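# Coordinate inspection notes
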Amino acid sequence: MHYRALGLTGMNVSLLSYGASPLGGVFRATDDSEGIRAVRTALDLGINYLDTSPYYGATKSETVLGRALQGVPREAYYIATKVGQYEGGVFDFSAARAIRSFEESCKRLGVDYIDVLQCHDIEFADLNQIINETLPALITLRDAGRIGHVGITGLPLNIFTRTIDRVPAGTIDTVLSFCRYGLNDTALGSVVQYLKENNVGIINASPTGMGLLSERGVPSWHPAPPAMISGAKRAVDYCRAIGADITKLAIQFATSHPQIATTLVGTANPDNIRKNVGYLHEPIDFELMAKVIEILKPIQNHNFTRGRPENHDSIIG
Ligand code: NAD
């Protein structure tokens, strides 16, 4: 496993990291003991960064992850969770709820320190509240040594620059962007230099686009429009027809950007995490990659957006 510095956090994170949303049963009904084995397998293979949220499976992801981490030395992993988004898609970015959420997450995870605490999906928030209320609450926790670092997450990219531009340097340590650096969308690349100049570490999530580029396909809640889903399916079908693995290609592509510290992949299946780590060491079939990118051209960077209208990215297509 390769490790990279996550911005200026002092954390050296594995190139591929573990996304725990599937432990909450968000893609399929999962067996908790299998999910726990997936986490343990990830750690055994050198993955050292684990991402979750109270929102995933209405706290189930954190609870199962906490069980998986019982008995694992605390220094063996970094843990990232989030505040602001809760069961049923309820958003509450108030300072009081953020602090309470942090304490609840610690209990569920069985830890008393969170390495990265993030405002979850700030495109659904009034950014003034994030800047004036939520981030200051997280900074209080950081100053008190209860958390290591402060982050923000979301789908549109403009929310990152608009927030970072308005806060003092050093406020935001990390951003988590998802579905924006993969075979069908590389838009995150356009803000990498900006984030580097602002000393913000970059976490890229969802190399398969939350299932777009996978055999299982997308869950019912996936926000992509039908044209994107069918456009991605053409690439999945092509790979299947020639006996190639679209997920392998997707992970190899998503982890290839030298300035992106880590890529979070989600799975509750130990065999999948083993395969996913293996893909990092396998040769890349560049000819196939070019062919798949060609197939995805009609939907390339035609990503979806969401959240409050003022936080939407402009969408091509
Ligand atoms: P992903 O692109 O990692 O895809 C997960 C899907 O791919 C699951 O259905 C999984 O079963 C499948 N999969 C994984 N490995 C596979 C393999 N080898 N073969 C076949 N299928 C495989 O999407 P994700 O899980 O949404 O993203 C990864 C993580 O990133 C999440 O778990 C979460 O922790 C984080 N994330 C955060 C945000 C946010 O903060 N707003 C948003 C998205 C993701």
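My aim in this report is to walk through the structure given alongside it, one point at a time. These numbers were taken from a predicted model, which means no experiment stands behind them.

### Quick look at the overall build of the chain
For the chain, the count of helices and strands is 10 helices and 12 strands. Overall, the C-alpha framework of the chain stretches about 55 × 45 × 35 Å when taken along its three principal axes. For the chain, with 317 residues in total, the buried portion stands at 56%. Sequence-distant contacts in the chain: of pairs separated by 6 or more residues, those separated by 24 or more amount to 77%. As displayed, the chain has an accessible area near 12,600 Å², and 52% of this comes from carbon and sulfur atoms. Both charge centroids of the chain, one from 29 positive and one from 32 negative side chains, sit 3 Å from each other.

### Examining the packing of helix α1 (residues 32–44) against helix α9 (residues 270–281)
Contact geometry for α1 and α9: axes closest at 8 Å, N-to-C directions at 25°. Here α9 runs roughly parallel to α1, going by the angle between their axes. In the crossing of α1 with α9, the sense of the turn from one axis to the other is right-handed. Contact residues: α1 offers Glu34, Arg37, Ala38, Thr41 and Ala42, while α9 offers Pro270, Ile273 and Arg274. Split by residue class, the contact of α1 with α9 holds 4 nonpolar, 1 polar and 3 charged.

### As for the environment of glycine 278
Relative to the elements of secondary structure, glycine 278 occurs in helix α9. Judged by its relative accessible area of 23%, glycine 278 is partly exposed. Through-space distance from the C-alpha of glycine 278 to that of methionine 1 is 9.4 Å; in sequence the pair is 277 residues apart.

### Re the pairing of strand β12 (residues 262–266)
The buried fraction of β12 is high, at 4 of 5 residues. Two elements, strand β3 (residues 16–19) and β12, share 4 bridges in a ladder whose sense is parallel. Among the inter-strand pairings, leucine 16 is bridged to a residue of β12, identified as threonine 263.

### Here we look at the site of the ligand
In the vicinity of the ligand there are 27 residues, among which Asp51, Asp121, Thr208, Arg216 and Asn276 approach most closely. Contact distances for the ligand include 3.5 Å between an oxygen atom and a side-chain N or O atom of lysine 82. Here glycine 266 contributes a backbone N or O atom positioned 2.9 Å from an oxygen atom of the ligand. Residue assignment for the shell around the ligand shows that the elements contributing at least two residues are β10 (174–178), β12 and α9. For the shell around the ligand, the leading source of residues is β12, giving 3 residues.

### Overview of the environment of aspartate 112
For aspartate 112, the position within the fold is in the loop between α3 (95–109) and β8 (114–119). Expressed as a C-alpha distance, the spacing of aspartate 112 and glutamine 259, which sit 147 residues apart in the sequence, is 31 Å. With residues near it in sequence (within four places) discarded, aspartate 112 still touches Cys106 and Arg146.

### Quick look at the side chain of serine 14
Topologically, serine 14 is positioned in strand β2 (residues 12–14). Its relative accessible area of 0% is what places serine 14 among the buried residues. Excluding residues within four positions of it along the chain, serine 14 makes contact with Met1, His2, Tyr3, Gly46, Ile47, Asn48, Tyr49, Ala261 and Thr262.

### Some thoughts on the nonpolar core
Ranked by internal contacts, the top residues of the largest apolar core, which has 99 residues, are Tyr18, Tyr49, Leu65, Ile114, Leu138, Leu183 and Val292. Of the residues forming this core, the biggest block, 7 residues, is contributed by helix α4 (residues 127–143). Those residues in contact with valine 292 that sit more than four places away from it in its chain are Leu183, Ala235, Tyr238, Cys239, Ile246 and Leu249.

What counts as what
Throughout this document, residue positions are counted from 1 along each chain, in the order its sequence is written. Per-residue local features are limited, in this predicted model, to residues with pLDDT of at least 70; the limit for side-chain atom pairs, both in listing and counting, is 80 or more; totals at the level of whole chains, interfaces and linings are taken over all residues. Here the side-chain values reflect all heavy atoms present in the structure, with hydrogen atoms and water set aside. In DSSP terms, a helix is any run of H or I states spanning at least four residues, a strand is any run of E spanning at least two, and both are numbered starting from the N terminus. Here the term buried applies to any residue with accessible area under 20% of the maximum for its type, exposed to any over 50%, and partly exposed to those in between, with areas from a 1.4 Å probe on protein chains only. Contact definition: two residues touch when any of their heavy atoms are within 4.5 Å. Per-residue and other accessible areas follow the Shrake-Rupley method at a 1.4 Å probe size, with only the shown protein chains counted as cover for residues. Think of it this way: Lys and Arg go in the positive column, Asp and Glu in the negative one, and His and the chain ends go nowhere. Throughout, a charge is located at the NZ atom of Lys, the CZ atom of Arg, the CG atom of Asp or the CD atom of Glu. An axis is simply a line fitted to the C-alpha atoms; with a helix, the fit covers only the stretch in contact. Between two such axes, the angle follows the N-to-C directions and lies from 0 to 180 degrees. In what follows, roughly perpendicular refers to angles from 65 to 115 degrees, roughly parallel to angles under 35, roughly antiparallel to angles over 145, and oblique to any angle outside these ranges. Should the near helix be turned anticlockwise from the far one by less than a right angle, the crossing is left-handed, and should it be turned clockwise, the crossing is right-handed. The residue classification treats Ala, Val, Leu, Ile, Met, Phe, Trp, Tyr, Cys and Pro as nonpolar and Asp, Glu, Lys and Arg as charged. All others, Gly included, are polar. Note: two strands are recorded as paired if DSSP finds a minimum of 2 bridges between them. Near residues are defined by distance, with any heavy atom within 4 Å of the molecule or strand qualifying the residue. Pairs of N or O atoms within 3.5 Å make up the polar contacts considered here, provided that, within protein, one atom can donate a hydrogen while the other can accept it, and that residues adjacent in sequence are counted only when both atoms are side-chain atoms. Among buried residues, those of type Ala, Val, Leu, Ile, Met, Phe, Trp, Tyr and Cys that are joined through side-chain atoms within 4.5 Å constitute a nonpolar core.

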